[in-house]
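Residue-level structural notes
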Amino acid sequence: MTQASKFFLIFAALVVPVLVALLVATATGTPAMPAPTPGAMPAGHDMAPAATGTAGSAAFTLRTGIDAGRPVYIGVGGAIDKVVNPTLAVPAGAAVAITLINGDAGEHDIAIPDFQSASEHLRATGAQTVLNFTADKVGAFPYFCTLPGHRESGMAGRLVVGPAATPQVAHAPSIVRDPADLPAPLARRGPQAVEIHLEAVELEGQLASGTTYTYWTFNGQVPGPFLRVRVGDMVTVYLKNRADSHMTHSIDLHAVTGPDGGAGLMQVAPGQEKAFTFKALYPGLFVYHCATAMVASHLASGMYGMILVEPEGGLPPVDREFYVMQSELYTDQPFGTPGHQNLSTDRLLAEQPTYFVFNGAVGALSDQHPLHAQVGQTVRIFFGDAGPNLPSSFHVIGAVFDRVYNLGALESPPLTNVQAVLVPPGGSAMVEFGLHVPGHYMFMDHAMSRAEQGLKGMLEVTGPEAPDIFRAGGR
Ligand SMILES: [Cu+2]
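Residues numbered from 1 in each chain as written. Predicted model: local features only at pLDDT ≥ 70, side-chain atom pairs only at ≥ 80, totals over all residues.

**Brief notes about the overall build of the protein chain**
- Scanning the protein chain from N- to C-terminus turns up five helices and 29 strands.
- Every one of the 475 residues in the protein chain was classed for burial, and the buried ones make up 40%. (Helix = DSSP H or I, 4+ residues; strand = E, 2+ residues; numbered from the N terminus. Buried ≥ 20, exposed ≤ 12 C-beta atoms within 10 Å, placed from the backbone.)

If you want it as structure tokens, here you go:
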């Protein structure tokens with residue numbers, strides 16, 4: 001957890017209950033009295049941010065209803081959805097629109113006397129009215145139903161006008177796959193039949209601190225599972241698309257010899273499952289991905305992974321293996337904007353990413369899952385570039401790759417003593433290097449601006465110092 005998020009949690013734990021208690025006390029202590037004089041502006045963390053709108057406008061929808069036997073307002077949509085008598089937070093100076101829908105067949109209205117604003121009476125179920133006014137003073141102001149007894153029995157809430165809009169910070173589970181989450185090398189064996197089971201899962205995930213994104217994934221994580229087969233295997237791939245998906249999904253494996261890499265046979269609608277079988281003719285490190293139109297948007301949203309087809313006899317043993325994939329995201333708001341982000345098709349088509357990530361999220365391989373190894377060990381990184389569009393100049397700062405299996409070509413002689421390897425979108429490289437000096441080794445795409453947009457990973461190496469190789473000072 002970052003310092004900033006720790007601070008936020010402590011702040012929220014200490015301050016929010018106090019503010020809520022104050023608001024409740026004020027609201028229930030003087031139910032029938034005239035509106036209180038606007039006081040100091042409360043801190044913003046207890047507020048429901050504007051359902052829609054910018055600094056210049058804010059729109060909310062409320063529905064009348066019954067809660068615990070009393071008439072209330074219930075929020076509709078956005079951050080106030082299903083909240084009873086929600087606090088409506090708007091920036092100072094905003095043009096406010098509150099739509100009221102009659103949801104319970106009683107007669108109701110809504111008024112905010114501090115802004116000389118009151119609606120018509122709604123009598124029929126489903127009737128609507130809109131209250132419009134400008135929030136031209138800062139403070140907390142009651143809204144309520146003016147029909148006799150309704151405010152007193154519970155039909156009241158607050159409008160809070162702040163100097164600026166409350167930032168909408170969003171939280172969701174991590175979708176990051178641990179780079180150490182990959183199967184061990186296969187035992188020595190001949191070719192055989194292998195079954196692979198994958199599931200397309202659409203889910204809300206944490207893209208960066210305070211920022212979320214709707215990922216499309218294989219098996220709920222990014223990248224999808226690391227698949228490991230042997231050359232000559234007959235591989236049957238099952239792909240299920242979860243019933244709660246909104247999109248058709250599919251799979252194209254670059255290890256396949258056959259039309260569309262399987263994707264023509266494997267377009268799977270929500271709630272369905274399909275299978276196909278291929279023979280792994282070629283050893284190598286291959287990307288797989290969803291290939292449903294628009295393919296770029298499925299890749300940009302997280303639907304990719306890698307399959308290793310081991311050569312006969314397997315790969316030479318190493319001490320540590322890691323699974324790392326780079327990709328770009330194209331969001332409608334700039335890098336670092338808090339709140340939920342949507343895919344921007346315009347940016348995607350213009351190849352102008354807002355985020356660059358390893359394993360799906362900012363901080364995935366630094367804050368969440370740094371790579372760990374020890375002095376004296378040899379490390380192997382299976383590195384893939386999911387794109388969808390941009391190549392990677394993969395580099396580990398302070399290390400030289402002893403061996404690079406360029407383009408994932410495992411049966412070609414490796415390049416030796418390499419500083420950075422260029423990996424195309426939809427391509428891969430297998431790199432190996434020995435660890436000689438302990439410390440923090442940052443890795444990235446040496447197109448360095450991308451490090452400022454999320455693309456940083458960390459290899460933590462522990463063990464004895466090696467002053468004969470690296471030390472401070474002169475001789
Ligand atoms: Cu897909």
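**Description of the environment of Pro370**
- Within the secondary structure, Pro370 is located in the loop between helix H5 (364–368) and strand S21 (371–374).
- In the structure, Pro370 is positioned 190 residues away from Ala180 in sequence and 9.4 Å away in space, judged by C-alpha atoms.
- Excluding its chain neighbours within four sequence positions, the residues that come into contact with Pro370 are Leu365, Met458 and Glu460. (Contact = placed C-beta atoms within 7 Å.)

**Some words on the sheet that holds strand S15 (residues 273–279)**
- Spatial strand order, S15-S13-S10-S11-S19: five strands in an open sheet with mixed pairing. With one partner strand each, in any of the chains shown, S15 and strand S19 (339–341) form the two edges of the open sheet. Each adjacent strand pair in this sheet contributes to an overall mean axis angle of 25 degrees, direction not counted. (Pairing = 2+ DSSP bridges. Axes fitted to C-alpha atoms, helices over the stretch in contact; angles between N-to-C directions.)

**Observations regarding the sheet that holds strand S17 (residues 304–310)**
- Pairing is mixed across the open sheet formed by four strands, whose spatial order is S12-S17-S16-S14. Both edges of this open sheet fall to strand S12 (227–230) and strand S14 (252–253), since each of them pairs with a single strand only.
- Here strand S16 (residues 284–289) runs beside S17; their pairing, made up of six bridges, is antiparallel. By the bridge assignment for S17, Gly284 is matched with Val309.

**Some thoughts on the nonpolar core**
- One finds Met306 and Ile307 to be the most contacted residues of the largest nonpolar core, which totals 79 residues.
- If we ignore the near neighbours within four places in the chain, the residues touching Met306 are Pro223, Phe226, Leu285, Phe286, Val287, Tyr288, Met325, Phe382, Gly384 and Ser428.
- Membership of the second largest hydrophobic core comes to 28 residues, among which are Leu62, Val72, Ala89 and Ile98. (Core = buried A, V, L, I, M, F, W, Y, C linked by C-beta atoms within 7 Å.)

**Thoughts on the pairing of strand S22 (residues 378–387)**
- The buried fraction of S22 amounts to eight of the 10 residues, a majority that puts the element mostly inside the structure.
- When strand S18 (residues 320–329) meets S22, the two strands line up parallel, connected through eight bridges. Paired with Val324 across the two strands is Phe383, which belongs to S22.
- Judged from the eight bridges that link them, S22 and strand S27 (residues 427–434) form a sheet pairing that is antiparallel. Bridged to Val379 within S27 is Phe433.

**Concerning the pairing of strand S8 (residues 139–144)**
- Across the six residues that make up S8, a large majority, five, are buried.
- In this structure, S8 lies alongside strand S9 (residues 156–162), joined through six bridges in antiparallel fashion. Each bridged residue has a counterpart across the sheet, and for Gly139 the counterpart in S9 is Val161.

**Description of the environment of Gly157**
- With respect to the element layout, Gly157 can be found in strand S9.
- Each C-alpha atom of the pair Gly157 and Ile112 lies 9.9 Å from the other, and the pair is 45 residues apart in sequence.
- In contact with Gly157, not counting residues within four places along its chain, are Tyr73, Asn85, Pro86, Thr87, Leu88 and Tyr143.

**Quick word on the environment of Thr61**
- Position of Thr61 relative to the elements: it lies in strand S1 (residues 57–67).
- In this structure, the C-alpha to C-alpha distance between Thr61 and Ala97, residues 36 residues apart in sequence, is 8.4 Å.

**With respect to unusual backbone geometry**
- Note the cis peptide between Val222 and Pro223, where omega equals -5 degrees.
- By the element assignment, Pro223 lies in the loop between strand S11 (211–218) and S12.
- In this structure, the amide linkage connecting Gly387 to the following residue, Pro388, adopts the cis form with an omega of 15 degrees.
- Within the secondary structure layout, Pro388 lies in the loop between S22 and strand S23 (392–396).

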